[in-house]
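In case you want the letters, here they are:
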Amino acid sequence: MKNTFNLLKNTDFPAIKRTQLETLQVNLGYLCNQQCLHCHVDASPRRKEIMTAETVADVVNFLKQKNIKTLDLTGGAPEMNPEFCSLVKQAVDMGVHVIDRCNITILLEPGFEKIAAFLAENKVEVVASMPCYLRENVDAQRGKGVFSNSIKGLQLLNHYGYGKEEALQLNLVYNPQGINLPPSQNELEPAYKKELQQRFAISFNNLYTITNMPIKRFGSTLLSKGLFDEYMQLLKTAYSKDNLSGVMCRSTLSVDWLGYVYDCDFNQMLGLSAGLNADITVGVLPAKTHINDLLQSDLKGKDIAIMDHCYGCTAGFGSSCGGALI
Ligand code: SF4
Ligand code: SF4
């Protein structure tokens, strides 16, 4: 796989700093039952990296000590980590709002059939990838058969009340195909709702449009097809200053499967450690920091490690794990 790190390193993206820490986004490992073309994690059924029970205990301790409001679980397929249910339970018992970034098809895999009921019982918010409501597009991006299993999984979540009851939020994620920016989230959401309801009787709450990042598998594909420069030009030309105040790294800290911290999930995948006090604008790459080393630190005002891929968050309508920014 081709690496885009060195092509992104020299950046003119504006310096940004942290605000109050609100969300801890934890990657429970790179193991996944799928292997999608657009995956920025390079997750697959062959990956072995999984967060251990010891590191999960560090996460729980951090949540408690820092009074974090939201725990955002990602992967791979986070449900494939054997500690998943224990972590969710402990966080919910502390009053933390839990988000599961679920690929949906995992809910139908042997051994995971009880996860949908567990999520509903614990009122976990589900954020699910659904790049299109058309079979051809989903299967092309996420693999053959993924569309019909995603439909069955969404119907299962609806069965447990997701997308219907206020406390059971089901939000879908749209990624563009190819080298395009996402369309307007506000315009796409009603079309998604109408199509999924009419074709499959599926209900959901919100649609999040997310820009593809020029890193990992998608970055490598861009390089292989000779489209990397064109895509970067698109992101830079569409830069919108209004998105800068809303980028998710300001209030989110990303944790990898070993417990090291990053300013966001994308930086984690690039191996770009949390900026904290490093001045990345003068070319100094930040040192690795473990979550346990931040228990006494106030992150407010600390530097965020930026590179050229950050234009992916500020292009057009903006992009974050919670969808468009404006
Ligand atoms: S995009 Fe999600 S579902 Fe697809 S391989 Fe990556 S982690 Fe798995
Ligand atoms: S890529 Fe990460 S660090 Fe850069 S702006 Fe987006 S969220 Fe922030």
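You'll find the structure just up there.
Residues numbered from 1 in each chain as written. Chains lettered and ligands numbered in written order. Predicted model: local features only at pLDDT ≥ 70, side-chain atom pairs only at ≥ 80, totals over all residues. Heavy atoms only, no water.

Peer 1: So what exactly am I meant to see when it comes to the overall build of the protein chain here?
Peer 2: Of the regular secondary structure elements, the protein chain holds 11 helices and eight strands. Relative to its length of 326 residues, the protein chain is compact, with a C-alpha radius of gyration of 19 Å against a globular reference of 20 Å. The principal-axis extents of the C-alpha atoms in the protein chain amount to approximately 55 × 45 × 35 Å. Residue burial in the protein chain is summarised as follows: out of 326 residues, 58% are buried. Summarising the internal contacts of the protein chain: among those between residues at least 6 apart in sequence, 75% fall at separations of at least 24. Summed over all atoms, the accessible surface of the protein chain reaches about 13,800 Å², with 49% contributed by carbon and sulfur. (Helix = DSSP H or I, 4+ residues; strand = E, 2+ residues; numbered from the N terminus. Rg over C-alpha atoms; globule rule 2.2 N^0.38 Å. Buried < 20%, exposed > 50% of the residue type's maximum accessible area, 1.4 Å probe, protein only. Contact = heavy atoms within 4.5 Å. Areas by Shrake-Rupley, 256 points an atom, 1.4 Å probe, with all protein chains shown as cover.)

Peer 1: What am I meant to see in unusual backbone geometry here?
Peer 2: The linkage connecting Gly75 with the following residue, Gly76, adopts the cis geometry, with an omega of 25°. For Gly76, the position within the fold is in the loop between strand E2 (70–74) and helix H3 (84–93). One non-glycine residue, Ala201, adopts positive backbone phi at about 55°. By relative accessible area, Ala201 is classed as partly exposed at 49%. The backbone phi angle of Lys216 is positive, close to 50°, even though this residue is not glycine.

Peer 1: Sorry if this is basic, but what is going on with the pattern of salt bridges here?
Peer 2: Close approach of charged atoms allows side chains with opposite charge to pair. The tally for this structure, following the rule as stated, stands at 10 salt bridges. Between Glu189 and Lys193 there is a salt bridge whose closest N-O contact spans 3.6 Å. Here the residue Glu189 and the residue Lys193 both occupy positions in helix H7 (residues 185–200), the gap between them amounting to four residues, near one helical turn. On the basis of relative accessibility, which here comes to 30%, the residue Lys193 falls in the partly exposed class. The partner of Lys236 in a salt bridge is Asp308, and the shortest N-O contact between them spans 2.7 Å. On the criterion of sequence distance, the pair formed by Lys236 in helix H9 (residues 228–237) and Asp308 in the loop between helix H10 (265–270) and helix H11 (311–314) is long-range, its members being 72 residues apart. A residue is classified by how much of its surface remains accessible, and Asp308, at 6% relative accessible area, is buried. Shared partners join several salt bridges into a network, and the residues in it are Asp42, Arg47, Glu49 and Arg217. (Salt bridge = Lys/Arg side-chain N within 4 Å of Asp/Glu carboxyl O.)

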